[in-house]
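Understanding the architecture of this molecule
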Amino acid sequence: MTIGLELVLLCMLYVSVAFMVVYLIVGSTLPYLLRAGLVVLVSVSFFASWHLWRDVAGWPARAKLPDQFLFHAATVIEPDPEKSQPGSIYVWVTEITDDGPAAMPRAYRVAYLKTTHSQLQEAESRMRNGLPQIGKRKRGPEGTFSLNGAMKRVEDEQQFELGNLPSPALPEK
């Protein structure tokens, strides 16, 4: 089954649940205000679940890049002024925590920058030569992570730097 078909079936399931709730509410003796509130709550749950399912369905996360990550791959869509498309960069990374790498890699979207594009090309070249790449999210000018304004998307301010993964320190004999 494809992702699109699964999402359509999921939406149909939620609509059927809504119809059942409406059917039960119409025949109940609850106050009208409570009935209306239940209908609004079920309706809002459709939109909330749709946005939550976007992250599960394999679309890029709408979150900031991890502070430190293992870089796997990238897809670059260059800007197209004729179509008024700003361009995007999609990176596939695994978060690195104190306990080691997270279990599953994740896709993230960052805004297109020529410097980031060239940095990714160099990193992929090093990966083809057998050197795993590690990345760090860049900090803002005052030493803290950049804060997003009310109208800015998370991916518009994300910048990172990539380098070779250091060789593991072997224990002494």
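Data block above holds the structure.
The residue numbers shown here count from 1 along each chain, following its written sequence. The predicted origin of the model limits local features to residues at a pLDDT of at least 70 and limits the giving and counting of side-chain atom pairs to 80 or more, whereas totals for whole chains, interfaces and linings rest on all residues. Here the side-chain values reflect all heavy atoms present in the structure, with hydrogen atoms and water set aside.

1. As for the environment of lysine 136
Defined as follows: Counting from the N terminus, the helices are the DSSP runs of H or I reaching at least four residues and the strands are the DSSP runs of E reaching at least two. To sort residues, take the accessible area from a 1.4 Å probe on protein chains only and compare it with the maximum for the residue type: under 20% means buried, over 50% means exposed, and anything in between is partly exposed. When checking whether two residues touch, look at their non-hydrogen atoms; a contact exists if any pair is within 4.5 Å.
Along the chain, lysine 136 falls in strand β5 (residues 133–137). We classify lysine 136 as partly exposed; its relative accessible area is 44%. Note: C-alpha distance between lysine 136 and proline 66 (70 residues apart in sequence) is 7.7 Å. Dropping the residues within four chain positions of it, lysine 136 is found in contact with Asp67, Gln68, Phe69, Phe160 and Glu161.

2. Here's the deal with the packing of aromatic side chains
Let me state the cut-off plainly: By convention, a stacked pair of Phe, Tyr or Trp rings (six-membered ring in the case of Trp) has centres within 6.5 Å and planes under 30 degrees apart, an edge-to-face pair has planes over 60 apart, and any other such pair is tilted.
Per the stated rule, a full pass over the model turns up one aromatic pair. Here phenylalanine 69 and phenylalanine 160 contribute two aromatic rings whose centre-to-centre distance is 5.9 Å and whose plane-to-plane angle is 75 degrees, an arrangement assigned as edge-to-face. With phenylalanine 69 in strand β1 (residues 68–77) and phenylalanine 160 in strand β6 (residues 160–164), the pair connects residues that are 91 residues apart, well separated along the chain. A residue is classified by how much of its surface remains accessible, and phenylalanine 160, at 2% relative accessible area, is buried.

3. Some thoughts on the nonpolar core
This is how it is decided: We define the nonpolar core as a collection of buried residues of types Ala, Val, Leu, Ile, Met, Phe, Trp, Tyr and Cys that are connected through side-chain atoms lying within 4.5 Å of one another.
The biggest cluster of nonpolar side chains holds 15 residues, and the ones touching the most others in it are Leu65, Phe71, Val91, Leu120 and Phe160. Broken down by secondary-structure element, the contributors of at least two residues to this core are β1, β2 (88–97), β4 (106–111), α3 (114–128) and β6. Among residues more than four places away in sequence, those in contact with leucine 65 are Val91, Val93, Tyr108, Val110, Arg137, Gln158 and Phe160.

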